[in-house]
Amino acid sequence: MTNDPAERAPIGRIDVSGLPGPDPRPDPDWSTVRKVSESGGFIDRSPRATRRHLTGRNHQFNAKATADTIRRFNAICDGQRWVAGLALEHLVALGEAALRLGTIPEAIDALERELARESRPKGREPNSRG
């Protein structure tokens, strides 16, 4: 190909008669393609259900986490029907409240004691014999 305008074909005078036409083959049956791919061990790379919502939160926040922590965080979001930004806001507020009461480990211990107390039958102490 050249940049010399004299050697270029003028617009509108390009012969395309020798180019092949549209592909005559029909589109494949995608359910069959999926079955064959799955039986061959191929990984499905189709987009997952989106977790994107328009909430007015417009700043990015990135953090490294273990796969388990991310799974648990997403389970909280899904279970409460919260977007990730709202869950983060609630968790930060919870952390701030815990810090007002002491340290995070102290707050977690207090929460665990409260949950254990709620799960016991009423009127029974942990060391009582019945």
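## Let's talk about the confidence of the model for the protein
For the protein, per-residue confidence averages 80 on the pLDDT scale, and 80% of positions sit at 70 or higher. Least confident of the elements in the protein is helix α4 (residues 104-119), whose mean pLDDT is 81; most confident is helix α2 (residues 67-80), at 93.

## Some points on the layout of surface pockets
Of the voids in this model, the second largest pocket is the one considered here, and its volume is about 220 Å³. As for the second largest pocket, its lining consists of Leu-94, Gly-95, Ala-97, Ala-98, Leu-101, Ile-104, Ala-107, Ile-108, Ala-110 and Leu-111. Contributing elements (two or more residues each) for the lining of the second largest pocket: α3 (84-101) and α4.

## Overview of α3
Here α3 is 18 residues long and its end C-alpha atoms lie 26 Å apart, about the 26 Å a rise of 1.5 Å per residue gives. Those residues of α3 that fall on the buried side of the exposure criterion are Ala-87, Gly-95 and Ala-98. The buried residues of α3 all sit within an arc of 75 degrees when viewed along its axis, so they share a single face. Turning to α3, the residues buried within the fold contact α2 and α4. Looking one or two residues beyond α3, the residue adopting positive phi is Gly-102, at roughly 150 degrees.

## Re the pattern of salt bridges
Applying the stated criterion across every chain yields a total of 5 salt bridges. Ionic pairing is found between Arg-57 and Glu-89, a salt bridge with its closest N-O pair at 2.8 Å. Of this pair, Arg-57 sits in the loop between α1 (30-39) and α2 while Glu-89 sits in helix α3; the two residues are 32 residues apart in sequence, bridging distant segments of the chain. Overall, Arg-57 belongs to the partly exposed group, its relative accessible area being 35%. We classify Glu-89 as partly exposed; its relative accessible area is 44%. Ionic pairing is found between Asp-68 and Arg-71, a salt bridge with its closest N-O pair at 2.7 Å. One end of the pair, Asp-68, and the other, Arg-71, are both in helix α2, 3 residues apart, so they sit about a helical turn from each other. If you follow the salt bridges from partner to partner, you end up with Asp-68, Arg-71 and Arg-72 in one network.

Quick notes on the rules
Note that residues are indexed from 1 along each chain, following the sequence as it is written. Residue-level local features of this predicted model are given only where pLDDT is at least 70; pairs of side-chain atoms are given and counted only at 80 or more, and the full residue set underlies all totals for whole chains, interfaces and linings. Hydrogens and waters are ignored; side-chain quantities use all the structure's heavy atoms. The predictor reports its confidence for every residue as pLDDT, a score running from 0 up to 100. Helix and strand labels come from DSSP, where a helix needs a run of H or I of at least four residues and a strand needs a run of E of at least two; each type is numbered from the N terminus. The rule is simple: put a 1 Å grid over the protein atoms alone, call a set of points where a 1.4 Å probe fits but cannot get out a cavity, call an open set with protein on both sides within 12 Å along at least five of seven lines a pocket, and count a residue as lining if it has an atom within 4 Å of a point. Grid points are joined across faces, edges and corners, and a volume is the space filled by probe spheres set on the points. In a helix, the anticipated span is given by 1.5 Å times the number of residues less one. For the exposure calls, accessible area comes from a 1.4 Å probe over protein chains only, and a residue counts as buried if that area is under 20% of its type's maximum, exposed if over 50%, partly exposed in between. Directions pointing from the helix axis toward each C-beta atom define the arc. We call two residues in contact whenever any of their non-hydrogen atoms come within 4.5 Å of each other. Within this document, salt bridges are pairs made up of a side-chain nitrogen of Lys or Arg and a carboxyl oxygen of Asp or Glu, the two lying within 4 Å of each other.

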